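Per-entry structural report
Each chain, written out:
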Amino acid sequence: MKTFRNFIAGEWVAPSSGEYFENRNPADTTDVIGRFPLSTAADVDRAVASAKRGFREWSRTPAPARGDVLRRVGDLLSQRKDEIADLMTREMGKPVAETKGDVQEGIDTAYYAASEGRRLFGHTVPSELRDKWAMSFRRPIGVAGIITPFNFPLAIPTWKMFPALLCGNACIFKPAEDVPHTGTVFVEILLEAGLPPEVIQLVHGVGEQEGKAIVDHPEIPLISFTGSTETGRIVGETAGRMHKRLSLEMGGKNAQIVMDDANLELALEGVLWGAFGTTGQRCTATSRLILQKGIHDRFLGMLVDKAKSLKLGDGRKEGTDIGPLVSRNALEKVERYIDIGQSEGNDLLCGGRRATGKGLDKGFFFEPTIFARVEAGQRLEQEEIFGPVLSVSDADEAFRVNNDVKYGLSSSIYTTNVQDAFRAMNELENGITYVNAPTIGAEAHLPFGGVKQTGNGHREGGWEVYEFYSETKVGYVDFSGRLQRAQIDNYLGTPD
Ligand code: UN1
């Protein structure tokens, strides 16, 4: 079995514990990808000491030159897109068309970051006093702790690390334990593109041990975390106590609303992709469908037929629509929610069990599942499942139902009425609202994130993320040659 290593202090090294965990293909658990380091706080300590040296060098490198490195990363990702997509599918399961999209999102993020190296705008504004200039500009912060999930093994690390690096920070990267291979290849590419070695540290491990060591470390002033709302709460408590800058991206319970006047074929394609793409394992997955009464029965009939025809299988095989869930834990969680849905008395229209049959028995496959007549407020309608489970309800007050959950990532409305479309954009309490498109499909150059318990107010992607990874500094230059007192001397430079 192949043994992988951490990348710490410019070298590929074994974990100080000497312990490893296995990484297996979720479509076929007899296929072992390799064993990866089970790192501890001691490894994180070494990584931080090195990253601080890396930071000193990198933070003084001009931002356009930092951008050039990221442009080369984009080029390398483009050249190796197919190969990376294949290894990503092997370790986390989603079909190759989706993992190619994942790599493409990383490429887009790289080129966007590269161009930001020649912007990173501050402001120059007039001073209230004569012969004085006032301006703001951006400074790097230090060592960033980057903790990422399994569902977008490449795109999400790039969303965080490219802006962090472009702004001049060093990174300690902990990929999810389900996708350590993608994390390893990503770091190899960063190095090949010319990133100075001590600027990036790759420390594999599990959240409770090594992830916690990153969050707790006093010399990591900046944490970016994507994962569950429960873990995010713990990360947030620590970061609050230690005065760390923190970006949290957590759960979702995203709804697609279909109005009576919608193009139903389009809405149908949208919900199938939104609910069952990535086996429902996206923060942006559609897990609720809210149908207006006029089209409810007809649309539901169309949906169940189509859901039953989706092809489950190994994501590396041609023709597969839906891959496996990522792990046994994920599968068991979905099974628990099937029980909950049934005990709440909902109509199970299709799915609800593990998928079996040729090519499916060695993996964590689960049938696309639809529950109907789910009432607002039920657990199935409120809690994030992270699997291929869709709750359908009919509603007169679709907007209210959309808003009555603790999460607020994305929402979608299918309508041909321009008033409803704009009303939805104004009134739905989410970070992203799609009109006539599913709840998934965010683009790299726009801010991504949610309201309420989905996040803590920061955004990834787009221009806003550069605010998070840099400190705003203000400079005042007084060239009047005399003491001018702000707020005390008037515009003429004489006391009032
Ligand atoms: C996530 O759901 O975890 O919008 C990220 C999308 C992707 C990113 C999703 N571009 O679905």
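If you're wondering where the values come from, they're calculated on a predicted model, not measured in any experiment.

A few words now on the domain arrangement of the chain. Considered domain by domain, the chain is made up of domain 1 (6–250 + 455–474) and domain 2 (254–435). Just the C-alpha atoms count here: the centres of domain 1 and domain 2 sit 31 Å apart. Taken together, the contact pairs 24 residues of domain 1 with 26 residues of domain 2. By the criterion of area lost to domain 2, the three top residues of domain 1 are Pro 26, Ala 27 and Glu 98, representing 24% of everything that side buries. Between domain 1 and domain 2 we count two salt bridges in total.

Our focus in this paragraph is the sheet that holds strand β19 (residues 432–435). As summarised here, the arrangement of the seven strands in space is β14-β15-β16-β13-β12-β18-β19, forming an open sheet in which the pairing is mixed. Looking at strand neighbours, the two that pair on one side only are β14 (347–350) and β19, the edges of this open sheet. In this sheet, adjacent strand axes meet at a mean angle of 20° when their direction is disregarded. Against the sheet, helix α11 (residues 328–343) touches β14, β15 (369–372) and β16 (389–394), its axis set at about 20° to β15. Contacts between helix α14 (residues 418–427) and the sheet are confined to β18 (410–414) and β19, with β19 contributing the most and set at about 170° to the helix.

The next subject is the pattern of salt bridges. Overall, the coordinates contain 30 salt bridges when judged by the stated rule. Between Glu 460 and Lys 160 there is a salt bridge, with the nearest N and O atoms lying 3.2 Å from each other. One end of the pair, Glu 460, is in the loop between β20 (451–452) and α15 (465–468); the other, Lys 160, is in helix α5 (residues 155–166), and 300 residues separate them in sequence. For Glu 237, the salt bridge identified is with Arg 233, shortest N-O distance 3.2 Å. You can see Glu 237 and its partner Arg 233 sitting in helix α8 (residues 229–241), four residues apart, about one turn around the helix. Taking relative accessible area as the criterion, Glu 237 reaches 47% and is therefore assigned partly exposed. One continuous salt-bridge network, built from bridges that share partners, spans Arg 80, Glu 83 and Glu 192.

Before going further, it helps to examine the sheet that holds strand β6 (residues 132–139). Reading across from one edge, β5-β6-β21 is the order of the three strands in this open sheet, with antiparallel pairing throughout. Each end of this open sheet is capped by a strand with a single partner; those strands are β5 (124–126) and β21 (471–478). Taking the axes of each pair of neighbouring strands and ignoring which way they run, one obtains an average angle of 25° across the sheet. Note that β5 and β6 share three bridges and pair antiparallel. Each residue of the ladder has a partner; that of Thr 124, found in β6, is Met 135.

Right, let's talk about the nonpolar core for a bit. General note: in soluble globular proteins, nonpolar side chains tend to be found buried as a group. Of all hydrophobic cores here, the largest spans 68 residues; its most connected members are Leu 77, Phe 162, Ile 172 and Ile 200. The contacts of Ile 172, once residues within four sequence positions are left out, are Ala 47, Val 48, Ala 51, Val 143, Ala 144, Gly 145, Ile 146, Gln 201, Val 203, Ile 214 and Ile 220. In this structure, Leu 268, Ile 322, Phe 365 and Val 392 belong to the second largest nonpolar core, which totals 31 residues.

Our next topic: the site of the ligand. In the vicinity of the ligand, the contacting residues are Glu 105, Asn 151, Phe 152, Ile 156, Trp 159, Arg 282, Cys 283, Thr 284, Ile 440, Gly 441, Ala 442 and Phe 448. A distance of 2.9 Å separates an oxygen atom of the ligand from a polar backbone atom of Cys 283. Between the ligand and Thr 284 there is a distance of 3.1 Å, counted from an oxygen atom to a side-chain nitrogen or oxygen. Taking 320 Å² as the accessible area of the ligand by itself, protein coverage stands at 98%. Residue classes in the shell around the ligand are distributed as seven nonpolar, three polar and two charged. Counting only domains with at least three residues in the shell around the ligand, you end up with domain 1 (6–250 + 455–474) and domain 2 (254–435).

Rules used throughout
Residues numbered from 1 in each chain as written. Predicted model: local features only at pLDDT ≥ 70, side-chain atom pairs only at ≥ 80, totals over all residues. Heavy atoms only, no water. Domains from an automatic or database assignment. Contact = heavy atoms within 4.5 Å. Buried area = accessible area lost by both parts, 1.4 Å probe. Salt bridge = Lys/Arg side-chain N within 4 Å of Asp/Glu carboxyl O. Pairing = 2+ DSSP bridges. Helix = DSSP H or I, 4+ residues; strand = E, 2+ residues; numbered from the N terminus. Axes fitted to C-alpha atoms, helices over the stretch in contact; angles between N-to-C directions. Buried < 20%, exposed > 50% of the residue type's maximum accessible area, 1.4 Å probe, protein only. Core = buried A, V, L, I, M, F, W, Y, C linked by side-chain atoms within 4.5 Å. Near = heavy atom within 4 Å. Polar contact = N/O pair within 3.5 Å; in protein donor to acceptor, adjacent residues only side chain to side chain. Areas by Shrake-Rupley, 256 points an atom, 1.4 Å probe, with all protein chains shown as cover. Nonpolar A, V, L, I, M, F, W, Y, C, P; charged D, E, K, R; others polar.

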